[in-house]
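This is what each chain is made of:
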Amino acid sequence: MDKILEALVSSSHSVPVKKAIVKKVVEAAEKEVTEAQCQALFSLTTRLILLGEDAFQKQVGFQVLEAYARYHRVEFERFFCKDLVLGLLQQGYGPLDRKDPAVVDYIHSCLRLLISCPSVLEIFTVIQTEVLRMVCERPEPALCARLATMLSDFVQCIPREKAAVLFCQQLVRTIGYFNCPASQERELREYVGQVTKVSTLLQNIWKAEPVTLLPSLQEVFAIISSTDPAFEPSIALASLVQHIPLQMITILIKSLTTDQNVKDSNMTQALCRMIDWLSWPLAHHVDTWVIALLKGLAAVQKFTILIDVTLLKIELVFNRLWYPIVRQGALAVLSHMLLSFQHSPEAFHLDLPNPGEEKIKLVLNQSAWTSQSNSFASGLLRLAGKSETGKTGLVNLGNTCYMNSIIQTLFSATDFRRHVLSLRLNDSCANTLMKKLQLLFAFLAHTQRAAYAPRLFFEASRPPWFNAGSQQDCSEYLRFLLDRLHEEEKTIQALRLAKPKVVSLGNGPGCDSVAHTSAGSPVSPGAAGSEGGDQTLIERMFGGKLSTRIRCMTCGAVSEKEEPFTDLSLAFCPSAAASSSPPQNQASSEEPRGPCQGSVNGGSEALEIGPSLRPAAPPLSVPDLVNYFLAPEILDEENAYFCEGCGSLQRAERGMRVVAAPEYLILTLLRFSYDAKCHVRRKILDNVTIPALMELPVHDPPAPEHSTPPPSSPSSPLRLDSTENNENLAKKLKPSRREEEDDAEERIEGDGEESEVRVCPVVRFVPYVLSSVVMHSGMSSESGHYYSYGRNLNGADGAHETNPIAVGCSSPRGVAPSKQQEVDEACGRDWLLFNDSRVTFTSFGSVQNVSSRFPKDTAYVLIYRKQDFTGGQGGTGGLTANGMRPGCDPPLQKELMDAITKDNKLFLQEQELNARTQALQAASANCSFKPNGSDDNDPPGSCGPSGGGGGGGGGGGGFNTVSRLVF
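One structure accompanies this document, and this report is about it. None of the values given here were measured: they were computed from a predicted structure. (Residues numbered from 1 in each chain as written. Predicted model: local features only at pLDDT ≥ 70, side-chain atom pairs only at ≥ 80, totals over all residues. Heavy atoms only, no water.)

## Here's the deal with the packing of aromatic side chains
The geometry of an aromatic ring pair comes down to the distance between the two centres and the angle between the two planes. Put simply, the rule reads: Under the pairing criterion, centres of Phe, Tyr and Trp rings, with the six-membered ring standing for Trp, must be within 6.5 Å; the plane angle then separates stacked pairs below 30 degrees from edge-to-face pairs above 60, leaving the rest tilted. We call a charge positioned over a ring when the NZ of a Lys or the CZ of an Arg lies within 6 Å of the ring centre and within 35 degrees of the ring normal.
Per the counting criterion, the structure on display carries 20 aromatic pairs. Put simply, the rings of F42, F76, F79, F80 and Y106 touch in pairs and so form one group of aromatic residues. One residue, R417, lies across the ring of F411, its end atom 4.8 Å from the ring centre.

Quick look at the structure:
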């Protein structure tokens, strides 16, 4: 029979004839055959299977072998013994190499025929040993896939116990040596299928023997972390990731990132190669593991690795987006890499869609390395990153809370901040205060530090009479700062006109233009920023105009003068002294008096004389104080007015009105009064209601009814004592009701005796929304603490379109109390508390009620933002439907970005060094952190190095603690 078969396969018969002959040979297997004939037939079929010239010969060999093995089981068992298997696996078959996949296929087929025979157990033992040896020889993917198929069908051939661990490790390393030189799609598909079979085998082993999983993963990391330049692991290792249980992700990442034996170079190499795995078409969860490792490294502050890997691989990950089969995982990794890479713009060379500004800030804050979840790190390694607000605090440099609170309020003035950041200042302006303010604003917007130390700006902006380390008045500092910036820009403008090519102060392309008008031209309410090319930025943002009118009550002569202002100092009614603090020499011991450092109201103190004129309905409100400021007053007795027409001191009436409204209205409440009798300073602790919205009466130029000029017509010289200014105007006594009635009678009598110009005043009410509030905490001007509240306006100043409270009338126009409460709630949902280094969320209710909870904490400086609900006037642009101004901060100039990038890298290096030092000193130490207290339960904080950072006694300590005072 064997001779017939041999002759058949070598003959030149047609294929149908050969198949018919083979069928007869197979049917003859049922007949009696001698053992010698069986052995010869088995040898012939083996030769056909392993050495057949074509597929037909191999097919004939398999058919005949299967038929005779089924009917002559004993003879086949003697033929296919362990010696034959051992010889095939160690020496091959004739010219056929032992590493040929055909050998494994032949053994696999014979095992199926011999599975029910007892002798197969011996063969299993031989194969267990041989497959371990074979994988150690790094077989090619084809042979490895055939082995995997055979071992998957016959799990008895898989090595056991310790040998199983070694087998898995060597199989993992074998996958790391896989190589795919093929370029055709069919070959690539075949290669991916081979790798999938091998990885599936490992998955089955890990499930059957879980003890093999961890050593296998350790081997994977050892392979991908290798720094040997001669060895580049195959990305086929990515096929293993989908078989690793996701439940192990936390413990594995923590083990890797906290292992002191893993060098940074090895970790960098491993992470880079894991990112390469994103190219593997059938891998699942690769992006999950890559992102987990990125977060784990961020949690233990290994920022150097993250920087290097991101810059090395960001382009590769982006290119993977072109391939739909791997796009989803690549996009997840790319998003995380870009969002977390916030210290530098180096990784941002891509033109991606631009979502809303607030959405960007929220996502960036959640994704930053300094904000990553520290579940992978021990408590000792926790990073004190930015607060949940995403805002940056300011380090208290030693009683510099007055400066910190002012800087935060100016930074919260969105239009002002954007114009400062958009200024193009050349080298000649490098040492200007505006340049330092621009740099400070850039750091507040883009630094990764939780709190920035403004040392350079402090030294440049500190008034010469302010002693470093001493408590000072924030209102005085604000006035000095704005004056400095204004005068500095005027100087630059003069130099620019003299030498246009030497000094240039302007805007770059794409930024809102900063208009500049002359200092002498008025800041008209509707044209600020659109008219007058020489106004300074301070004039445009904070500049307004007051008109002071003095009328002699004897001859009726009128003197009128306009003066610019950047802030209004609002005095309390004289009776407010009744609720002021006790004299400082009688102050309670809970707040010791510090050394004298000047008055907190900047040297302009309200005298406590005269009767009380406070409105009958307590408590006072900001509109009440503005009304009091603008109300007419009588100049008499020691304050009598020298009338040029009369040539002597006369009784006169003086009144003020706003004729040009500023973009930002700064109001200073003069809370520190001087007791002339006791010669002490007192703080007025009256609680002042702060409305979210209010209206300011602005007087447009009036139209005269007839042209009969009075003695003091506009053509006459304007008369006003030059020593008077808008600050001390607010501190003079207002007339009593009796005096007002007498003046009215005199005015009526005078009307019949002389002809006056009767005008039709045009008064319009300009709406303002509250932007920020600076609070003073303490009992005296020489000690205490400043902190501020600011609106979180989603990147644009504005408010909900509602009816504001009117200033200049006895009650809010058209706003019921219940409606006003809704307005306050709507406008005050998102507020921030800036307390030196600490920035926290708060509410408008906290702003309004802080004095009720903490009587020594009172509003001192308020900034209101002008609103234009029609979009036609006022401000630098129209409002959207919800009252918000569109736009976002301008892109940073290169020199600013370079400075921030350099500092961010330094900060990451500092954090990384600190984390490594702590880990070496006490790797297993546990630290507990006291949570921050609620704003409603604890006072906002303290002043000085011991406060500010939120570290002094659970949110800054109580207001009665000694640490809150300035010594």
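From this point on, the discussion continues.
## So, helix α25 (residues 622-630)
Basically, it comes down to this: Residue burial is assigned from relative accessible area. The probe radius is 1.4 Å, only protein chains are included, and a residue is buried under 20% of its type maximum, exposed over 50%, and partly exposed in between. Secondary structure elements follow DSSP: runs of H or I no shorter than four residues count as helices, runs of E no shorter than two count as strands, and numbering proceeds from the N terminus.
Burial within α25 is extensive, with 7 of its 9 residues counted as buried. Among all positions of α25, only V622, P623, L625, V626, Y628, F629 and L630 are buried.

## Focus on the packing of helix α3 (residues 35-51) against helix α7 (residues 101-114)
Put simply, the rule reads: Lines fitted to C-alpha atoms define the axes here, with helix axes fitted over just the stretch in contact, and angles between the N-to-C directions of these axes take values from 0 to 180 degrees. Every angle not falling under 35 degrees, over 145, or within 65 to 115 is termed oblique; those three ranges are roughly parallel, roughly antiparallel and roughly perpendicular. Here a crossing is called left-handed whenever its near helix is offset anticlockwise from the far helix by less than a right angle, and right-handed whenever the offset is clockwise. Contacts are assigned to residue pairs that have any heavy atoms within 4.5 Å of one another. Polarity classes work like this: nonpolar for Ala, Val, Leu, Ile, Met, Phe, Trp, Tyr, Cys and Pro, charged for Asp, Glu, Lys and Arg, and polar for all others, with Gly in that last group.
Relative to each other, α3 and α7 sit at 140 degrees, their axes nearing to 9 Å. It follows that α3 is oblique to α7 by the angle criterion. Handedness of the α3/α7 crossing: right-handed. Residue-level contacts link T46, I49 and L50 of α3 to A102, V103 and Y106 of α7. Class assignment of the residues belonging to the contact of α3 with α7 gives a composition of 5 nonpolar, 1 polar and no charged.

## A closer look at the side chain of D903
Assignment of secondary structure puts D903 in helix α30 (residues 894-921). Discounting residues that sit within four places of it in the chain, D903 has contacts with F443, T447 and R449.

## Some thoughts on the pattern of salt bridges
Put simply, the test is: Any Lys or Arg side-chain nitrogen located within 4 Å of an Asp or Glu carboxyl oxygen qualifies as a salt bridge.
Tallied over the entire structure, the rule returns 26 salt bridges. R449 is the salt-bridge partner of D903, the closest N and O atoms lying 2.9 Å from each other. Of the two residues, D903 is situated in helix α30 and R449 in the loop between α21 (433-446) and β3 (451-452); the sequence distance between them amounts to 454 residues. Comparing D903 with R449, the two get one shared label, buried. One salt-bridge network, in which partners are shared between bridges, spans R98, E130, R133 and E137.

## A few points about the nonpolar core
Test applied: Throughout this description, the term nonpolar core refers to a set of buried Ala, Val, Leu, Ile, Met, Phe, Trp, Tyr and Cys residues connected via side-chain atoms within 4.5 Å.
Membership of the largest hydrophobic core comes to 114 residues, with the highest contact counts inside it found for F76, F80, Y106, I107, L111 and M150. The contact partners of F80, leaving out residues within four places of it in the chain, are V85, Y106, I107, C110, L111, L114 and I123. Counting 49 residues, the second-largest nonpolar core is a separate cluster that includes M403, F466, L537 and Y860.

## As for the pairing of strand β16 (residues 680-683)
Worth spelling out the cut-off: Each pair of strands is called paired provided DSSP finds at least two bridges between the two strands.
Alignment of strand β15 (residues 672-675) against β16, held across 4 bridges, turns out to be antiparallel. Bridge pairing links Y674 to R681 in β16. Hairpin remark: β15 followed by β16, antiparallel, with 4 residues in the connecting loop; positive phi at H679, about 55 degrees.

None of this, on its own, says anything about what the molecule does.
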